[in-house]
Structures are given as structure tokens and as C-alpha cells.
Amino acid sequence: MMVDLSAIASAWPYLMKGLWFTLQITLVGVTGGIVFGSLLAVARLSQTRLLSALATSYVNLMRSIPLILVIFWVFFLVPWAIGWVTRSGRPVAVGASLTIFVTFVLFEAAYYAEIVRAGFRSISPGQYSACDALGLSKLHAYIYILFPQAIRNVLPILLTQTIVLFQDTSLVYVISATDLLGAATKIAQRDGRLVEMYLTVGVIYFVICFAASQFVKQLQGRLAYGAR
Amino acid sequence: MIEINNVSKSYGSFQVLKGCSANIASGEVVVICGPSGSGKSTLIKTVNGLETFESGEITVGGFRLAPGLTNVAALRRSVGMVFQSFELFPHLTVLSNITIAQTKVLKRSKAAAEEKARFLLARVGLSGHIEKYPAQLSGGQQQRVAIARALALDPEVMLFDEPTSALDPEMVNEVLDVMTGLAGQGMTMVCVTHEMGFARSVANRILFMDGGEIVETAEATKFFDDPQSERAKAFLAKILKH
Amino acid sequence: MSLLFEPTPDGSGRYLDWIVSGLVWTLVLALGAWTIALIAGTLVGVARTLPKGILPKIGRLYVETFRNIPLLVQMFFWYFVLPELLPARIGMAIKQMDPPWGSFAPALICLGLFTAARIAEQVRAGLQALPQGQSQAAFALGFARSGMYRLILLPQAFRIILPTLTNEFMTIFKNTSVALTIGLIELTATAREINENTFRTFEAFGVVTIVYLVIALVAWQLMHRIERAVQLPDLASGKSRP
């Protein structure tokens, strides 16, 4: 069975459009996920029992269920939720993109939260004491001393999770979205070019992810706090 | 300057401080010594509120500490602390380590904070290292920066929690020299240390602790030459052999 | 939750039966893939730690390939692409497999090999965390390489990586949901089907969510017990049991 390269060439622009959407989801997911995840991590460390319990429950829930299930939840429920909030009484159609962005931020935040939490735990306890002894307010201590160290300690893991996120975006297939895989599927079904499309997409994902993971490996070497 | 009044603290069923009392005058240098687990570190950390206590009262200058009194921010500005593990902020340069509390806590201008930092670094003998990161310094150098960092807030009292215990022997003296100089300038100092040479020559008074209690307090030379309690005698016999 | 006990449109029972069926497929797929993954993953992980030859390179190629392509894309490869690339007769035979097995077999192989790559990396990390002295001692005692791995190194390595393996075990149950894209009616697919039949979205997905939570809890408990059962007193420092 020969692979038809011209089919790939003609499909390329559409595939790139899909890749662009994939990158957008990744970008929104990373940014929103790390921000929300950091808040969750700090909430888990909080002295307020309720806040800490809520954050822990959220993280554990999101990490126990499949992403596809979360995609379905958000996809089916967000229109109802918006309809309820705006009192229109009926589900309000919401763009698929927004649904997808919200899903990925909510889902990946739970994973980033665990990583950031590990980052905080990797800081020597004496650092907290030093901040206290100097009279730094809790807010200043977190912003200037603790958070920077936590992130720096787990940066490679954060980046690896981002590569995982990039791969997870392919699951939006289940709601027929046009990410990279979705674009390939649509062409495959229209032109009957299954083999070419899926192999191409496999190669594209491989090249991007492999390059990214090599970059993370290099970074790991350079992140030590400077030898003497 | 510092009044510790009948302070007690327990961890669950284990009582780590039992009714400790002491008075430290302004300009005095007091060394707290004793066997491991005697509560020395815990006691010194109650003075700046890093450890809470269940009964008793502590007064530092005009500030009062009592069980349940949680607002210690103001007190911490007038009490400086140096830790056994230095605890410099690894992601900041030496300069930033010294200026950050000045700008964020005391709200000094960046210029004033930097000027102060340079002055103090010169005082501890580390002017050339101002842009380096802690990981690029030796243990002794890091501890001297830590002392400068604490001094930058112009404290009235300096607390030292085993400042040389984590250092290689050849670096102990450079830190003790700085502490001696500080004492000579009239700083009120409370030091938990095993360095008996320093205690003997620089301290005004020794507080000997064992099992959570302050067993004996005496003038420095008197404590070493003529300890009164049995426990103090046993302790000195063990450590002065070498 | 009364939904569960209502009769299904095709008269084959109640919705509860659909959920049970979906659950069974999920469990069988997960456990089957886990078995494949453990065996293949250990072999590849060991291969990567071998000092020379072609095996480490093959191991690296395997891991990089299966880790840098999304699971869903891999699933499509096994289901759609492989039958086309194989000789015509074999391809036709595969495509004509009866429905559940036509989806189940590729899903099983795909998920097994995908997870194997991740386990391989963990096994490699565990083996590399062991002190070099272990393999040196084994060689000195006359062990051949296979015996050394099987009796000395792997038992220790597995204890070290049990926490990450636990994570992987819980992940595999979640990853079974990807098989719904090639027609396997596992748990998540069941939720979607119930929703399409009854439009009671909240209940349909709610029940399935709870089932996944229970699976996660049970899986975690199981691994936790295994961890406790095989624990060695302080593996790293080699302290002995009292």
C-alpha cells in the first residue's frame, strides 16, 4: 500500500489550521492552568480548613476522572449553566472553542496544582522561618521568596506536564473540534486518505513533542543554582 | 531589654520549656548553652515569635509577647535572627538578599537600602561578593551575609541560633570574629552556641539549660571556672575535654 | 439516580446493566493493558540500563516513539492504519473481527504498549537510583547479568518506584476512555449513550463520574497495601530492622 504524498501536500494548509487551534488550546491551558493551579496549591496550604478542604477535593476529583469525561461534562453542561445564570430558561449555545478552553484550564489546573505543591514542599522549611524573622508579610514572602523558588525547583516537571497537555488536546476529537487530529480526521473521511493523514499527524506530533522534551532535558542541566 | 518571664511550652505531652525566666540588659551578650534537646533553640525562637508558648510572658524593648498575642510583625523589625542553616534566599543575589526586607518591610527606598547593604557587607568583609549568588559562596561567607541581612533592619537585639554549627572548622572563626565585633559595638546579643571559647571571652553571662529548664546562670568566667550545679559540671566536663 | 433502574429502550434490561457492562469493559481493558505494560515496560526499562549493544538504542527508540505521540493518535494507528499496512489477507481478517473484539484488541495492544513506555522510564529511573555498589557486589558474587537484574536490582528498583507506579496504575483506568473513539463501549461511552437515550445528562454523567471515583479509590488502596507489604526499613540508608 503506497503512501500518497501529494494528498498530504494538499491537506497541509488545513492541517496547519488545525495545529494552530491545538497550539491555542495549549497556550490557554498552560497559562490558565498554572495560574489556577498555583492558587489551588496555595489554598491547600492555607490555615482555613474549609478552603484547604475545597481545594484538595477539587484536585483529587479532577485527577481521578478521564479528560474525555470532563470534556463531555463541560460540553453538555455549560450551555445549561449559562442559560441558568442568564435566566433564559433554555440552554444557550456557546462556541466550542470557549468550552474547550474552559475545560482544559479547569482540568490541567489540578495537575499543575500538584506540581506547584511539590515545588513548595521542596523548599527548605528554614526559608519560611527566615521570611518570618525578617518580618516579611505572608503575601510578600510568597511573591518574592517562596513562589519563585517553588517554580524554579519544579520547572522541568511543569514543562513536561505542558507537553502532556499538548498531547491531551487531541481528545477534543470527541466533540468534533478541528484541532490537528480533528483536521486530519475530517480530510481522511472526506478523501478516504486515512493512512496518509494519521501517519502525517503522528509524525507532526512526534517531531514537536520530541523537540520539546529534548529542550526540557537541556534545561534540567542548567537549572542548578550555579556551582562554585 | 529582654524579659523572659516563666515561659513554658509543650509539644503534645512532651514539655520542651519549663518555666524559663531570664533578664537580659541592653548591650549585654548572653550565651545559652547546654546538651542537645535541652530546649535552647526553642527558647531563643520564642523571643521573636517563631515559636509560640502556652504560659508566661516575654517583653522585648517595648513589645510584649504572650500566649494568643499574634501580632508580632512590629517586634520582628527590632529583633534580628541568624540561623544555623544560614537560610539565604538562593534565587537572589547577595545584594538583593540584604535589600529585600529593607524595601518590603521597612519601606526604604531602593537607593537607601543598597547603600546600607554595601556598608554592612564591608563591615562583614564581603564587599567583593555583592553580585554573587549564595551558591557561589562558602558556608562562612553565606553566614556573614546572613548576619548583614539581619543587621540591615537596624535591630535592637540580635539572636543567633547555633550560627557556626553547620560550618567547616576553618570557617568558624570568620563568623565568630564578626559576632565579636558586633558585641564590641554594644549590640544586645543572645547566642545559642557550642563555641565555648567565644562564650568565655565575649559573653557577659551564660544561661545553662538542661531538660527544658534554665538550670544555672552566671557571669561567663565564673560559670566556666566554678560551675555550681551538678548538671553544669557534667556538661562542662564532657565538652571541655577536647 | 432512579435512572439506573429504568428499563432501556431496547428492552434488554435496565440502564444499570449498561453501566455494569461499560464498567466490565473498562476494568478488563485496564487490567489487561496493565499486565502487558508491566512486562514490556520492565523489559524495555532494563534494556535501557544495559551498558552496550543495540538493546539500549532500541529501548530508547521505543520510549521516544510511544511517549511523543498522543494516545488517541496511537489508538487510531492500531485501529485504522495498521490493517491497511499489513498484507491484504491479514488486514481483511482484522477488519472483519466481530464488534467488541474488533475494538477491544487494538485498544488493548495500544494502551498496553503506550503505558509500557511510561513504565519503562520509571523502571529505568529506579534502576539508576540504586547505588553502583549493588551491581558490583552481584558481579563479584558471580551472578550473570540476568540473575542480577531479576534477583538483586529489580526487587529494589520496584520498591523505589512504587509511588510513581501507583500513579501510572490509576492513570491507566482513565486512559481506557480513549477507546471509545474506536467503538469500545466502556464506561464513558456508556454515559454518552445513556445521555443520548434519556437526555438526563446530569444523572448519566454523574453516575459514571462516581464510578470512576470509586475505581480510583480502590486502585489507590490496593497499591497502598502493596506498598506497605513490601516496604523495607529505610531502603536508602540501609538501616536495619529493630
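> Explanation requested: the interface of chain B and chain A in the structure shown.
Quite often, the size of an interface is put as the accessible area lost when its parts meet. Taken residue by residue, the interface counts 23 residues in chain B and 21 residues in chain A. Of the roughly 1900 Å² buried between chain B and chain A, counting both surfaces, carbon and sulfur atoms make up 67%. Linking chain B to chain A there are zero salt bridges. The tally of links between chain B and chain A comes to six residue pairs in polar contact (both at pLDDT 80 or more). At the level of secondary structure, the elements contributing two or more residues to the side of chain B that touches chain A comprise β6 (79–82) and α3 (94–104) of chain B. Along the lines of polarity and charge, the residues of the side of chain B that touches chain A split into 14 nonpolar, four polar and five charged.

> I would appreciate a short explanation of the packing of helix α8 (residues 194–222) of chain A against helix α2 (residues 55–67) of chain C in the present structure.
The axes of two packed helices give the description: the angle between them and the distance between them. In the contact formed by α8(A) and α2(C), the axes pass within 9 Å of each other and the chain directions differ by 110 degrees. In terms of axis orientation, α8(A) runs roughly perpendicular to α2(C). Residues A:Phe206, A:Phe210, A:Ser213, A:Gln214 and A:Lys217 of α8(A) lie in contact with α2(C), whose contacting residues are C:Arg60, C:Glu64 and C:Thr65. Grouping the amino acids of the contact of α8(A) with α2(C) by side-chain chemistry returns two nonpolar, three polar and three charged.

> Please explain the interface of chain C and chain A as it appears in this structure.
With 33 residues of chain C in contact, the opposing surface of chain A contributes 33 residues. Taken together, both faces of the contact between chain C and chain A bury some 3100 Å²; the carbon and sulfur share is 75%. Summed over the shared surface of chain C and chain A, the result is one salt bridge. A salt bridge links C:Glu64 to A:Lys217; its shortest N-O distance comes to 3.7 Å. Run the count over chain C and chain A and you get five residue pairs in polar contact (both at pLDDT 80 or more). Listed by contribution, the elements that provide at least two residues to the side of chain C that touches chain A are α2, α3 (71–85), α7 (145–175), α8 (187–198) and α9 (201–230) of chain C. Of all the elements, α9(C) adds the most residues to the side of chain C that touches chain A, at nine residues. Here the side of chain C that touches chain A is composed, by residue class, of 17 nonpolar, ten polar and six charged.

> For this particular structure, what's the right way to read the packing of helix α7 (residues 180–191) of chain A against α8(A)?
Residues and elements named next belong to chain A. Interhelical geometry of α7 versus α8 gives an angle of 165 degrees and a closest axis separation of 8 Å. Here α8 runs roughly antiparallel to α7, going by the angle between their axes. In the packing of α7 onto α8, the handedness of the crossing is right-handed. For the pair α7 and α8, the contacting residues are Leu180, Leu181, Ala184, Thr185, Ile187 and Ala188 in the first and Leu194, Met197, Tyr198, Val201, Ile204 and Tyr205 in the second.

What counts as what
Residues numbered from 1 in each chain as written. Chains lettered and ligands numbered in written order. Predicted model: local features only at pLDDT ≥ 70, side-chain atom pairs only at ≥ 80, totals over all residues. Heavy atoms only, no water. Contact = heavy atoms within 4.5 Å. Buried area = accessible area lost by both parts, 1.4 Å probe. Salt bridge = Lys/Arg side-chain N within 4 Å of Asp/Glu carboxyl O. Polar contact = N/O pair within 3.5 Å; in protein donor to acceptor, adjacent residues only side chain to side chain. Helix = DSSP H or I, 4+ residues; strand = E, 2+ residues; numbered from the N terminus. Nonpolar A, V, L, I, M, F, W, Y, C, P; charged D, E, K, R; others polar. Axes fitted to C-alpha atoms, helices over the stretch in contact; angles between N-to-C directions. Parallel < 35°, antiparallel > 145°, perpendicular 65-115°, else oblique. Left-handed = near helix turned anticlockwise from the far one by under 90°.

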